[in-house]
Amino acid sequence: MDEQPRLMHSHGVGMAGHPGLSQHMQDGTGGTDGEGRKQDIGDILQQIMTITDQSLDEAQARKHALNCHRMKPALFNVLCEIKEKTVLSIRGAQEEEPPDAQLMRLDNMLLAEGVSGPEKGGGSAAAAAAAAAAGGAGSDNSAEHSDYRAKLSQIRQIYHTELEKYEQACNEFTTHVMNLLREQSRTRPISPKEIERMVSIIHRKFSSIQMQLKQSTCEAVMILRSRFLDARRKRRNFNKQATEILNEYFYSHLSNPYPSEEAKEELAKKCSITVSQVSNWFGNKRIRYKKNIGKFQEEANMYAAKTAVNAANASAHGSQANSPSTPNSAGGYPSPCYQSDRRIQ
DNA sequence: GCGTATGATTTGTA
DNA sequence: TACAAATCATACGC
């Protein structure tokens, strides 16, 4: 097999200035008489050139005759080498590409989201991260988590099915082309190297399709994620009991409605919400109360009365009031109305 | 459908 | 960093 390149690169000038054929002719494969051999080759080339002018049957017969011609292997090798040195070498140089950075990014993202690579609970970690980013309480998001997981799992499944299809199609097409080229290499100057190159071209084409698949999968994950985050933003009213507890605290500490961290934690626990939700609630309440004290007057009076009753009951039973203690608390029963010396002004 | 209530977010400030 | 204020977006009652 290694015989041919050595023969082709040996010295001497052959047909069309190519050394390989000349050597073939001199080493016994091409006959003994130089002029005769040239004539031989000229005839072969002439036959090849005119083969398309003939009828199909004639052409087939001519093709067979040429295939069996004693000069055929040498001519074939020369043509292969010429082809290799011209078109293919240029194309080969052009097609050398560095590893695609975008593809790497897509791969990394798909891996991180749990779409590619080993399944890691359908991306529950990503869902949890998304939930954490949204600052959610976590108590009511289990349904949304499972929804997110289900949808991510769907994306994963589609991705893998499509990927499998592409790989199968790529393998089938590659095999087909390889067989075709091998078959054609009996009559056309197609070297194994060229077949190899063609295979790599096919792989490149298929990997660009694969990249499109990866890109659209990434987009789907992004959309799912943003929808999940949007869902986390959906407002849910606190239950009545939680609102009662928060209002009770607010109006019983009206002189200084700023619960300490400990009080916030206690309130959060009692209301089954997060500390930040307690902070949000107090922030909203303070500003809205301040903006419209008149509107809240009735509510304030009601809670003041309620707190008074609670306190009376507590003192009657020798126990303490129910509202969480706070270092900021002014103590006692504050007036239901804001005064000028209070912090909210 | 509309107005209001309300939880969450954003932005500016001390 | 906590808070005020403004704003957004949705829930809710009519």
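An unreviewed UniProt entry lists chain A under the name Pre-B-cell leukemia transcription factor 1, with Paramormyrops kingsleyae given as the organism. Of the comments in the UniProt record for chain A, the one headed Subcellular location (unreviewed entry) reads "Nucleus". Under the heading Sequence similarities (unreviewed entry), UniProt records this for chain A: "Belongs to the TALE/PBX homeobox family."

1. Some points on the overall build of chain A
In terms of helices and strands, chain A carries 13 helices and 0 strands. Counting only residues that meet the buried cut, chain A has 34% of its 345 residues in that class. Considering only intrachain contacts with a sequence separation of at least 6, the fraction spanning at least 24 residues in chain A is 74%. For chain A, the exposed area adds up to about 21,100 Å²; of that, 53% sits on carbon and sulfur atoms.

2. Concerning the pattern of salt bridges
Following the criterion strictly, the structure yields 6 salt bridges and no others. Between K214 and D107 there is a salt bridge, with its nearest N and O atoms 2.7 Å apart. With K214 in helix α9 (residues 192-233) and D107 in helix α6 (residues 101-112), the pair connects residues that are 107 residues apart, well separated along the chain. Overall, the relative accessible area of 29% leaves D107 in the partly exposed class. Taking the shortest distance from any N to any O, the salt bridge between E162 and K165 comes out at 3.3 Å. One end of the pair, E162, and the other, K165, are both in helix α8 (residues 142-184), 3 residues apart, so they sit about a helical turn from each other. Overall, K165 belongs to the partly exposed group, its relative accessible area being 48%.

3. So, the protein's contact with DNA strand B
Close to DNA strand B lie 11 residues, the nearest being R235, Q277, N280, N284 and R288. Across the atoms of DNA strand B situated within 4 Å of the protein, the share located in sugar and phosphate is 49%. At 2.8 Å from a base nitrogen of DNA strand B is found a side-chain nitrogen or oxygen belonging to N284. Between DNA strand B and R288, the relevant distance is 2.6 Å, taken from a base oxygen to a side-chain nitrogen or oxygen of the residue. In terms of residue count, helix α12 (residues 275-291) provides more of the surface near DNA strand B than any other element does, 5 residues in total.

4. Describing the environment of L152
Mapped onto the secondary structure, L152 falls in helix α8. Residues L152 and V221, spaced 69 residues apart in sequence, show a C-alpha to C-alpha distance of 7.1 Å.

5. Observations concerning the protein's contact with DNA strand C
The immediate surroundings of DNA strand C are formed by 11 residues, with R235, Y258, R286, I287 and K290 found nearest. Between DNA strand C and Y258, the relevant distance is 2.2 Å, taken from a phosphate oxygen to a side-chain nitrogen or oxygen of the residue. A distance of 2.7 Å is found between a phosphate oxygen of DNA strand C and a side-chain nitrogen or oxygen belonging to R286. Looking at the surface near DNA strand C, the element that brings in the most residues is α12, giving 5 residues.

6. Points about a positive patch on the surface
Where like charges cluster on the molecular surface, the positive patch consists of R288, K290, K291 and K295. According to the relative accessible area criterion, K291 is exposed, its value standing at 71%.

7. Examining the packing of α12 against helix α13 (residues 293-316)
Contact pair α12 / α13: the axes reach a minimum separation of 6 Å and the direction vectors enclose 115°. Between α12 and α13, the interaxial angle falls into the category roughly perpendicular. Taking contact as the criterion, the partners of K285, R288, Y289, K290 and K291 in α12 are, on α13, I293, F296, E299 and A300. Here the residues of the contact of α12 with α13 are counted per class, giving 4 nonpolar, no polar and 5 charged.

8. Quick look at the packing of helix α10 (residues 240-252) against α13
Interhelical geometry of α10 versus α13 gives an angle of 90° and a closest axis separation of 9 Å. As judged from the angle between their axes, α10 and α13 are roughly perpendicular. Where α10 abuts α13, its residues T243, E244, N247, E248, Y251 and S252 lie against F296, E299, A300, Y303, K306, T307 and N310. Each residue belonging to the contact of α10 with α13 can be placed in one class, and the counts come to 4 nonpolar, 5 polar and 4 charged.

The rules we used
Residues numbered from 1 in each chain as written. Chains lettered and ligands numbered in written order. Predicted model: local features only at pLDDT ≥ 70, side-chain atom pairs only at ≥ 80, totals over all residues. Heavy atoms only, no water. UniProt positions renumbered as here; feature names shortened; annotations may be inferred. Helix = DSSP H or I, 4+ residues; strand = E, 2+ residues; numbered from the N terminus. Buried < 20%, exposed > 50% of the residue type's maximum accessible area, 1.4 Å probe, protein only. Contact = heavy atoms within 4.5 Å. Areas by Shrake-Rupley, 256 points an atom, 1.4 Å probe, with all protein chains shown as cover. Salt bridge = Lys/Arg side-chain N within 4 Å of Asp/Glu carboxyl O. Near = heavy atom within 4 Å. Polar contact = N/O pair within 3.5 Å; in protein donor to acceptor, adjacent residues only side chain to side chain. Patch = residues over 30% accessible without salt bridge, like charges linked within 9 Å, V, L, I, M, F, W, Y side chains within 5 Å. Lys, Arg positive; Asp, Glu negative; His and termini not counted. Charge placed at Lys NZ, Arg CZ, Asp CG, Glu CD. Axes fitted to C-alpha atoms, helices over the stretch in contact; angles between N-to-C directions. Parallel < 35°, antiparallel > 145°, perpendicular 65-115°, else oblique. Nonpolar A, V, L, I, M, F, W, Y, C, P; charged D, E, K, R; others polar.

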